[in-house]
Amino acid sequence: ERTDFLENTLNSFIVSSGSTLLGLALAIPAAFAVSWHRWIWPATITLLARMAPGTLFLLPWFIMFSSLKLAGTHTALIVTHAVITLPIALWTLLPFFDSVPRELIEAGQIDGCRPMSILLRVVLPVVVPGIVVATILSFVFSWNYFLFALVLSGISSKTAIVASFNFIGEGVTNWGSLMAAATVIALPPIVLTFMIQRRLVSGLSFGAVKG
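As the structure is a computational prediction, the values presented were derived from the model and not from experiment.

## Side note on the overall build of the protein
A tally of regular secondary structure across the protein gives eleven helices and zero strands. In the protein, the order of α-helices and β-strands from amino to carboxyl end is α-α-α-α-α-α-α-α-α-α-α. In the protein, which comprises 211 residues, the share counted as buried stands at 42%. Considering only contacts in the protein between residues 6 or more positions apart, those separated by 24 or more positions represent 83%. For the protein, the computed accessible surface area is about 11,800 Å², with 69% contributed by carbon and sulfur atoms. When the 11 positive and 8 negative side-chain charges of the protein are each reduced to one mean point, those points stand 5 Å apart.

## Comments concerning the confidence of the model for the protein
With 92% of its residues at a pLDDT of 70 or more, the protein shows a mean pLDDT of 84. Mean pLDDT per element in the protein: helix α11 (residues 197–210) is the minimum at 54, and helix α1 (residues 5–37) is the maximum at 92. When the criterion is pLDDT under 50, residues 207–211 qualifies, and its contacts beyond four places in sequence or with other chains add up to five contacts.

## Brief notes about the side chain of threonine 80
Counting through the fold element by element, threonine 80 comes out in helix α4 (residues 74–99). Of the residues examined, threonine 80 reaches a relative accessible area of 0% and is grouped as buried.

## Quick notes on the nonpolar core
Judged by nonpolar contacts, the single largest core of 25 residues is most densely connected at Ile28, Leu93, Phe97, Val123 and Val127. Looking at this core, the elements that each hand over two or more residues are α1, α4, α6 (115–123) and α7 (128–144). When neighbours within four sequence positions are excluded, valine 127 is seen to be in contact with Phe96, Phe97 and Val100. Formed by 24 residues, the second largest nonpolar core is a distinct cluster that contains Val15, Trp61, Ala76 and Ala163.

## Some thoughts on the packing of α7 against helix α10 (residues 175–195)
Running from N to C, α7 and α10 cross one another at 180°; their axes reach a closest spacing of 11 Å. Viewed along their axes, α7 and α10 adopt a mutual orientation that is roughly antiparallel. Here Ile136, Phe139, Val140, Trp143 and Asn144 of α7 lie close against α10, whose contacting residues are Val184, Ile185, Pro188, Pro189, Leu192 and Thr193. Looking at the contact of α7 with α10 residue by residue, the classes come out as nine nonpolar, two polar and no charged.

How each quantity is defined
Residues numbered from 1 in each chain as written. Predicted model: local features only at pLDDT ≥ 70, side-chain atom pairs only at ≥ 80, totals over all residues. Heavy atoms only, no water. Helix = DSSP H or I, 4+ residues; strand = E, 2+ residues; numbered from the N terminus. Buried < 20%, exposed > 50% of the residue type's maximum accessible area, 1.4 Å probe, protein only. Contact = heavy atoms within 4.5 Å. Areas by Shrake-Rupley, 256 points an atom, 1.4 Å probe, with all protein chains shown as cover. Lys, Arg positive; Asp, Glu negative; His and termini not counted. Charge placed at Lys NZ, Arg CZ, Asp CG, Glu CD. pLDDT = per-residue confidence, 0-100. Core = buried A, V, L, I, M, F, W, Y, C linked by side-chain atoms within 4.5 Å. Axes fitted to C-alpha atoms, helices over the stretch in contact; angles between N-to-C directions. Parallel < 35°, antiparallel > 145°, perpendicular 65-115°, else oblique. Nonpolar A, V, L, I, M, F, W, Y, C, P; charged D, E, K, R; others polar.

The structure is reproduced here in structure tokens:
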């Protein structure tokens, strides 16, 4: 009641969900194309972007979003967090797409399906376990990421993990509030994982064996 932590938690949900959906929207067709054509370099480029220090992106992004009047908005955080979710989703999905029989896709081509129809009607139902795993991993990584939210968020878009540092002062730390905030931050990934634990474990095992 004394803080805006509930609003900050809602901001975290918006940013994490948005960046997860954006990452999956880009990663699913990318993984399909990389797997079908046996091109590894696009996936490697996304991995290099993920391996680069986050501070490398901060100044260009801040200048870009400021010029677009998007600095401090949810949109800016969702786009920047997609740099985290896209590589995770892409590399998680690749083993699942590689395991889809090429004959199944070729049968769809013979029936006259366009590439997008093949992806939506033939391939996606087969790789649902991989999509579940990619969704959870992307959400958790985005939910827990601190740097981009610290620099690019505003008062109305501050996430829970950034707001939790308000309880740490120079002379004193409000340990009670800090631990309560840490509990709230930890709960959504844990609850989400337990809700679909069986599908998550089977998806991870399937990807590891087939990869």
